[in-house]
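# Observations on the three-dimensional arrangement
For reference, the chains in residue letters:
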Amino acid sequence: MKRIGALALALALSAGLLSGCSKGENGSASSAGTSASGSQAPAVDLATVSDIYEYAAGMPGDTVVAKVGEWDITADSLLYWLNYNAEYAAQMGMTDIPWDSEMSEGKTIEQGMLESALELAAAYRVVYEQALKEGVGLPENAQSELDAYMKELATELGGEDVVEHYFWMSMTTKNLFEQLYLSSNYDVKLQEKYYGPDSGSYPTDAEVLSYAQDDLGYYRAKHILLLTKDMEKPIKNEEGVATGEYEPLDDATIAEKKAKADELLAQLRVADDPVALFDELMNEYSEDTGLATNPDGYTTQKGQMVSEFEDTALALKDGEISDVVESTFGYHIILRLPLDPEDYRADLIAQRMQETREQWMEDYGVTTTEAYDKIDPSEFRAKAQEIQNAAYQEIAAIQKAKEEAEGSDSSASGSGASSSGASSASGSGSAN
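The notes below deal with the structure included here. Every chain's residues receive numbers from 1 upward, in the order its sequence appears when written. A pLDDT threshold of at least 70 governs which residues receive local features in this predicted model, and a stricter bar of 80 or more applies before side-chain atom pairs are shown or counted, although totals over entire chains, interfaces and linings include all residues. Computation of side-chain values: all heavy atoms of the structure, hydrogens and water removed.

### Some remarks on the overall build of the protein
Counted only if it meets this: Runs of H or I in DSSP of at least four residues are treated as helices and runs of E of at least two as strands, each being numbered from the N terminus. With a 1.4 Å probe rolled over the protein chains alone, any residue whose accessible area is under 20% of its type maximum counts as buried; one over 50% counts as exposed, and the rest are partly exposed. Contacts: residue pairs with any heavy atoms within 4.5 Å of one another. Method for areas: the Shrake-Rupley scheme with a 1.4 Å probe, in which residue coverage is limited to the protein chains shown.
In terms of helices and strands, the protein carries 14 helices and eleven strands. Relative to its full complement of 432 residues, the protein shows a buried share of 40%. In the protein, of all internal contacts separated by at least 6 residues, the share reaching a separation of at least 24 is 73%. About 22500 Å² of surface is accessible on the protein, with carbon and sulfur atoms providing 47% of the total.

Dropping the structure here:
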């Protein structure tokens, strides 16, 4: 089974909606996760819609479209993630999705998006049920914060019906949003139980460093660079496009640079504290244009630096200094630096939790129903955008009316204060 981008997406959803209705440049309301536009006339009257999934896909939101183990996956969850995938594609520039185009493995984009949505919906369901099965509770204040947010939304928007429409902007519902929010919070607690400090499976520093260096390919290094190229003279091809190479310095200057590099290395080899001296020499002599923004060295991954630099750095032990190394840019003296395991521990824990979810999915198994086969992603997406657009315009109108009312109240208050001040001044003048 492919790796699932996992429960972090729920946090993206939560962060977007829990941030409330934000204002665009024109003062209109907007919501994360939707590309609906307020400039287009709505094609649907929301008052006539009771179930957005039935409107958009021809099936009620509680229709069972699949199962993970013995637990139902309903249309609302699957269709939310299908629309989420389409929104993401639009954000990446694919505004007109070629649904029938082939992806890898002979699948069309339509099939790929639908299967991805199924995996995500199944993952959320299995996490929720696994947490209940293991007796894992929610993080402290998670439920109370959710309740407070819903109450605040109702007050801000003027009623529960409008709150429901607010969630429709992201093609979700109040109930589904709550389920996803709770699942993402249960995931936090499951991760803590399985891989937290008191779990017995908390990654050791050695495990974290192995993950960072071997699996992700990270390493850290500083260098003293003496350039043998004129970085202000890029070499261009016949079309006048820069090739990424630069004009070399003259031979005499290059020889001087090599002699200076050898001299600096000799100082480092006899120093009592070569690492401290390295910083002094680097700050005084290095011609690396990136030094100002990377005074503590470079944290990079394999394949990102020139091969001469990378091969040498990776061959060093932490704290070890290289001989003089020549690259296409000049002469380097490289100091290998240690990685901090705390920078990567959370990533390794997240990776292990992702693998745990994938194992649950494999153990329980995911099966689809006939309803799943009836979903037409292209038609659903078009109808979903109608819902999103209408909801967006409704929320934007409410926000605008509220702002105008607040502005009117503020103006009236300011006018009253000004009138009072003028009256007071007039009275003072009469007394004189």
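### Observations regarding the packing of aromatic side chains
Note the threshold: For Phe, Tyr and Trp, where Trp contributes only its six-membered ring, two rings pair if their centres lie within 6.5 Å, and the inter-plane angle classes them as stacked under 30 degrees, edge-to-face over 60, or tilted in between.
All chains considered together, the criterion is met by 13 aromatic pairs. Considering the side-chain rings of Y194 and W360, the 5.9 Å spacing of their centres and the 70 degrees angle between planes classify their relative orientation as edge-to-face. Taken together, the residues span a long stretch of sequence, with Y194 in helix α7 (residues 174–195) and W360 in helix α12 (residues 345–364) at a distance of 166 residues. Y194 sits in the partly exposed class, given a relative accessible area of 25%. Ring pairing ties together the aromatic residues Y149, Y166, F167, F177 and Y181, which thus form one cluster.

### A look at the side chain of E87
The criterion, for reference: In protein, a polar contact means a hydrogen-donor-capable atom and an acceptor-capable atom, both N or O and within 3.5 Å, with residues adjacent in sequence counting only if both atoms are side-chain atoms; elsewhere, any N or O pair within 3.5 Å suffices.
On the secondary structure map, E87 appears in helix α3 (residues 75–91). Looking at E87, the relative accessible area reads 3%, which means it is buried. In this structure the side chain of E87 is engaged in a polar contact, spanning 3.2 Å, whose partner is the side chain of R381.

### Examining the sheet that holds strand β4 (residues 71–74)
Formally: Any two strands with at least two DSSP bridges between them are considered paired. Structural elements are reduced to axes, namely lines fitted to C-alpha atoms, with helices fitted over the stretch in contact, and the angle between N-to-C directions of any two is expressed from 0 to 180 degrees.
Taken together, three strands build an open sheet; the order of strands is β4-β3-β11 and the sheet is antiparallel. Of all the strands in the sheet, the pair left with one neighbour each is β4 and β11 (366–368). Averaged over all adjacent pairs, the angle separating strand axes in this sheet is 30 degrees, with direction ignored. The sheet contact formed by strand β3 (residues 64–68) and β4 spans four bridges and is antiparallel. The residue of β4 that forms the bridge with V68 is W71. On top of the sheet, helix α4 (residues 109–133) reaches β3, β4 and β11; it is set at about 140 degrees to β4, its chief contact.

### Structural notes on the sheet that holds strand β5 (residues 218–227)
Taken together, the four strands give an open sheet; going across it, the order is β8-β5-β10-β9, and neighbouring strands pair in antiparallel fashion. Lying at the two open borders of the sheet, with one neighbouring strand each, are β8 (298–301) and β9 (325–326). Of the pairings in the sheet, the one linking β5 to β8 comprises four bridges and is antiparallel in character. Across the sheet, residue R220 finds its bridge partner in β8, namely T299. The sheet contacts of helix α9 (residues 251–270) involve β5 and β10 (330–337), and relative to β10 the element is tilted by about 25 degrees.

### Some details on unusual backbone geometry
Backbone geometry places N141, a non-glycine residue, at a positive phi of 75 degrees. Residue placement: N141 occurs in the loop between α4 and α5 (142–157). Owing to a relative accessible area of 43%, N141 belongs among the partly exposed residues under this scheme. With a phi angle near 55 degrees, M171 is a residue other than glycine that sits in the positive phi range. With respect to the secondary-structure elements, M171 resides in the loop between α6 (160–168) and α7.

### So, a negative patch on the surface
Basically, it comes down to this: In this scheme, patches are assembled from residues that exceed 30% relative accessible area and form no salt bridge. Like charges are connected within 9 Å, while nonpolar side chains (Val, Leu, Ile, Met, Phe, Trp, Tyr) are connected within 5 Å. What counts as a salt bridge is simple: a side-chain nitrogen of Lys or Arg found within 4 Å of a carboxyl oxygen of Asp or Glu. In this tally, Asp and Glu contribute negative charge and Lys and Arg positive charge; neither His nor the terminal groups of the chain are included. By convention, charge coordinates are those of NZ in Lys, CZ in Arg, CG in Asp, or CD in Glu.
Together, D272, D273, E280 and E284 line one region of the surface with negative charge. Checked against the element boundaries, D272 lands in the loop between α9 and α10 (274–285).

### So, the pattern of salt bridges
Any two side chains of opposite charge can pair, on the condition that their charged atoms come close. A full pass over the atoms with the stated rule returns 20 salt bridges. Ionic pairing is found between D72 and K67, a salt bridge with its closest N-O pair at 2.4 Å. By relative accessible area, which is 31% here, K67 ends up partly exposed. Between E156 and K402 there is a salt bridge, with the nearest N and O atoms lying 2.9 Å from each other. One end of the pair, E156, is in helix α5; the other, K402, is in helix α14 (residues 377–431), and 246 residues separate them in sequence. A residue is classified by how much of its surface remains accessible, and E156, at 33% relative accessible area, is partly exposed.

### Quick notes on the environment of L225
If you trace the backbone, L225 turns up in strand β5. Accessibility expressed as a relative area gives 6% for L225, which makes it buried. Excluding anything up to four places from it in sequence, L225 contacts Y285, S286, E287, D288, G330, Y331 and H332.

### Brief notes about the environment of V68
By the element assignment, V68 lies in strand β3. Given the relative accessible area of 0%, V68 is considered buried. Considered as a pair, V68 and M361 are 293 residues apart in the sequence and their alpha carbons are 7.2 Å apart.

### Here we look at the side chain of D51
Of note, D51 is situated in the loop between β2 (29–30) and α2 (52–57). The buried charged residue D51 lacks any salt bridge partner; its closest oppositely charged side chain belongs to K383, at an N-O distance of 13 Å. A polar contact is formed between the side chain of D51 and the backbone nitrogen of G61, at a distance of 2.9 Å. In contact with D51, not counting residues within four places along its chain, are P60 and G61.

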